[in-house]
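# Examination of the molecular architecture
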Amino acid sequence: MPMPVLRTERLEFLPYRPEHEDAFVALLRDEEVCRWMGQDRVPEEDIRRIFRAILTDVYPTRLFDVWGVWHGQDHIGHAEVKRTGNVDGHELVVALAPGHWGKGLGTEAVRGLIRHAADNLGLEKVYGMVGAENTASLAMSRRLGFVPVRDVVGDDGTTTRMLMLPTAPSGQDAPA
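Structural notes, computed from the coordinates. (Residues numbered from 1 in each chain as written. Predicted model: local features only at pLDDT ≥ 70, side-chain atom pairs only at ≥ 80, totals over all residues. Heavy atoms only, no water.)

Between two aromatic rings, the relevant description is the distance of the centres plus the angle of the planes. Evaluation of the coordinates by the stated rule reveals four aromatic pairs. Geometrically, the ring pair formed by Phe13 and Trp67 is edge-to-face, given 5.9 Å between the ring centres and 85 degrees between the ring planes. Of this pair, Phe13 sits in strand β2 (residues 12-14) while Trp67 sits in strand β3 (residues 65-71), placing them 54 residues apart in sequence. In this structure Trp67 comes out as buried when scored by relative accessible area, which is 0%. Each ring, one from Tyr16 and one from Phe51, has its centre 5.5 Å from the other, and the planes form 75 degrees; the classification is edge-to-face. Here the residue Tyr16 occupies a position in the loop between β2 and α1 (21-29), and Phe51 occupies one in helix α3 (residues 44-61), the gap between them amounting to 35 residues. The residues Tyr16 and Phe51 share a single accessibility class, namely buried. (Phe/Tyr/Trp six-rings, centres within 6.5 Å; stacked < 30°, edge-to-face > 60°. Helix = DSSP H or I, 4+ residues; strand = E, 2+ residues; numbered from the N terminus. Buried < 20%, exposed > 50% of the residue type's maximum accessible area, 1.4 Å probe, protein only.)

See below:
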């Protein structure tokens, strides 16, 4: 089953194609993106290897759902819905390029993933992992109805807040 294309009012979630590699690398090597994703900058070749694995391993086996996020003709981010060792269920992952922060696009992207998780994957709840210092993403998560589950302290001493949101299929009492 191919990866679905998702659409929101202003965004399109498209499966990656080979020509998207440089945009993927640029986003995931951006210092601000790495900071808020709670990771160090990964060497470029490692990011390129990850991108190629998405095309050759993740998509053919539908290991998890992953897209590039587009606003018009611009690649502005990355999105995933996947099982991780971080949570007991599926985690939503969204990373937007800093030039697109503060415009409601992150909220729109997460809402799109919530709808996909409920309607297409049948998930009854989803999780997010947000750095405890990432006040903007924590505020957005609260507005979307995510509730804190627990704090996770990493080996480096940083704290990440685990959040959970019950989902509902479209037409039911889904989060606003």
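On we go.
Inspection of α1 places Glu21, Phe24, Val25, Leu27 and Leu28 among the buried residues, and these make up the whole buried set. Buried residues along α1 cover an arc of 165 degrees about the axis, so they all sit on one side. (Arc of directions from axis to C-beta.)

Next up on the list: the nonpolar core. Phe13, Trp67, Leu92, Leu113 and Phe146 are the most contacted members of the largest nonpolar core, which totals 41 residues. Examining the composition of this core, we find that six residues originate from one element, helix α4 (residues 105-119), more than from any other. (Core = buried A, V, L, I, M, F, W, Y, C linked by side-chain atoms within 4.5 Å.)

This part takes up the packing of α4 against helix α5 (residues 135-144). Remark: α4 packs on α5, axes separated minimally by 10 Å, with the N-to-C direction vectors making an angle of 50 degrees. The angle between the axes of α4 and α5 places the two elements in the oblique class. Here the hand of the crossing between α4 and α5 comes out right-handed. Facing Gly106, Thr107, Val110 and Arg111 of α4, the residues of α5 in contact are Met140, Arg143 and Leu144. (Axes fitted to C-alpha atoms, helices over the stretch in contact; angles between N-to-C directions. Parallel < 35°, antiparallel > 145°, perpendicular 65-115°, else oblique. Left-handed = near helix turned anticlockwise from the far one by under 90°. Contact = heavy atoms within 4.5 Å.)

Time to look at the side chain of Asn134. Along the chain, Asn134 falls in the loop between β6 (125-131) and α5. Residue classification places Asn134 among the buried residues on the basis of a relative accessible area of 8%. Of note is the side chain of Asn134, whose polar atom sits 3.2 Å from the side chain of Ser137. (Polar contact = N/O pair within 3.5 Å; in protein donor to acceptor, adjacent residues only side chain to side chain.)

Let us now look at the environment of Gly72. By the secondary structure assignment, Gly72 is in the loop between β3 and β4 (74-83). Assessed through its relative accessible area of 56%, Gly72 is described here as exposed. Taking C-alpha positions, Gly72 is 25 Å from Ile47, a pair spaced 25 residues apart along the chain.

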